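Close look at the chain arrangement
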Amino acid sequence: MSLRLRLTVLYGGLFLLAGVVLLGVTYLLFTQQVGRRVTVLIGTAPPGLPPLPTPESLDEQARQVRAAAATSLLTQGGIALAAVAVLAAAVGWLVAGRALAPLRQVTETARRIAAAADPGGHERIALRGPEDEVKNLADAFDVMVERLDRSFDAQRRFVANASHELRTPLTLNRSLVEVAMHRRTASEDVRQLGAKLLLINSRHEKLISGLLLLAKSESALTERRPVDLAAIVAHVVPPGVEEDLGEATALGDALMLERLVHNLVENAIRHNNEDGWVRVTTRTRRSGAEVAVANSGPVIPAAEVPALFDPFHRRARVAAEGAGLGLSIVRSVAHAHGGEVTATARPEGGLVVVVSLPAA
């Protein structure tokens, strides 16, 4: 039972119990009052009048009157009590609903904040009313959300600032390595060492770019426009990838959605067999616009699928090829657009990742 129904049952039950006690006390007092002995002055009746009743007949009549009155009291009192109990339950239902209205406002606001793309957001309950327990609860919730908002903002600023600061020395390192490699006096060992350093530097640059995009995608979108997912897929997908492009127009940021599709396709190609296949599908469903990427590949246990979306999660076979941020960025971009991502492991090997986005 809901809290409102439980309060209604409590109100009605307490009222019914109090009514039963009151009816019982009234019945006892009534029977005691009516059951008192009646003193009758017995004498000779005047001439011409009927004889006076005997004490035995008076006692019998008193018993009949007492029994009839008690039965009437219990019957009519019970009917009245039942009717008033139903009315009290209805009033209790209305009173409970009015008393719980602030709690419903707190719950609805909490659900909207939890479902929003930005975990902290800027929405607050800001409950107005007397300083009671519900008002204190709403104020405490607002304080908690405010602190979470500041924590998330500080985390995103730190990731973005650190990524920006790291890009400068990486760019400088790449320039110095390239200059050293292209010198006429550079030996073959220097060129090989430079090629390895450039490869490592390139991976670091991809990692920094992924962190920047991850920090950006975790922020709420400020502007949304209709985006043709089929056109993005046709632009991003490389040759050799199967395409099934149906009409699918989402509402969001075109650059971020392009990166989402790129990461999905790149991840499907990287985690694939040598003679495997990759298929990209766009379609429109009741839930919105969808883009699905399926591939063949090694068998993935179903228990490991949720961990694929964790940052820096990499499977052992391709651990050295990526930073482990591809699917994390996909999930963050989808959530920033108010969408969802689901991944299903294929029994014969490979993975199917479906991104559902709000339709334009």
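Here, every reference points to the structure presented above.
Residues numbered from 1 in each chain as written. Predicted model: local features only at pLDDT ≥ 70, side-chain atom pairs only at ≥ 80, totals over all residues. Heavy atoms only, no water.

Section: the nonpolar core
Formed by 37 residues in total, the largest nonpolar core has its most connected members in L257, L260, L264, V280 and V355. Only α5 (229–236), α6 (254–270), β4 (278–285), β5 (288–295), α7 (326–336), β6 (340–345) and β7 (351–357) provide two or more residues apiece to this core. Considering each element in turn, this core owes the most residues, 7 residues, to α6. (Core = buried A, V, L, I, M, F, W, Y, C linked by side-chain atoms within 4.5 Å. Buried < 20%, exposed > 50% of the residue type's maximum accessible area, 1.4 Å probe, protein only. Helix = DSSP H or I, 4+ residues; strand = E, 2+ residues; numbered from the N terminus.)

Description of helix α3 (residues 133–181)
Relative to the 72 Å expected for 49 residues at 1.5 Å per residue, α3 spans 71 Å between its end C-alpha atoms, a close match to the ideal helical length. V134, K135, A138, F141, D142, V145, D149, R156, S163, L170, V177 and M181 are the residues of α3 that are buried. (Expected span 1.5 Å × (residues − 1).)

Some remarks on the pattern of salt bridges
A complete count under the given rule lists 6 salt bridges for this structure. Residue E290 pairs with R283 through a salt bridge whose shortest N-O separation is 3.0 Å. Since its relative accessible area comes to 23%, R283 is described here as partly exposed. Between R346 and E348 there is a salt bridge, with the nearest N and O atoms lying 2.4 Å from each other. (Salt bridge = Lys/Arg side-chain N within 4 Å of Asp/Glu carboxyl O.)

Examining the packing of α5 against α6
Between α5 and α6, whose axes approach to 10 Å, the crossing angle comes to 55°. When the interaxial angle is binned, α5 and α6 end up oblique. By crossing handedness, the relation of α5 to α6 is classed as right-handed. Contacts between α5 and α6 involve L229, I232, V233, H235 and V236 from the first element and A254, L257, E258, V261 and H262 from the second. A per-class count over the contact of α5 with α6 returns 7 nonpolar, 2 polar and 1 charged. (Axes fitted to C-alpha atoms, helices over the stretch in contact; angles between N-to-C directions. Parallel < 35°, antiparallel > 145°, perpendicular 65-115°, else oblique. Left-handed = near helix turned anticlockwise from the far one by under 90°. Contact = heavy atoms within 4.5 Å. Nonpolar A, V, L, I, M, F, W, Y, C, P; charged D, E, K, R; others polar.)

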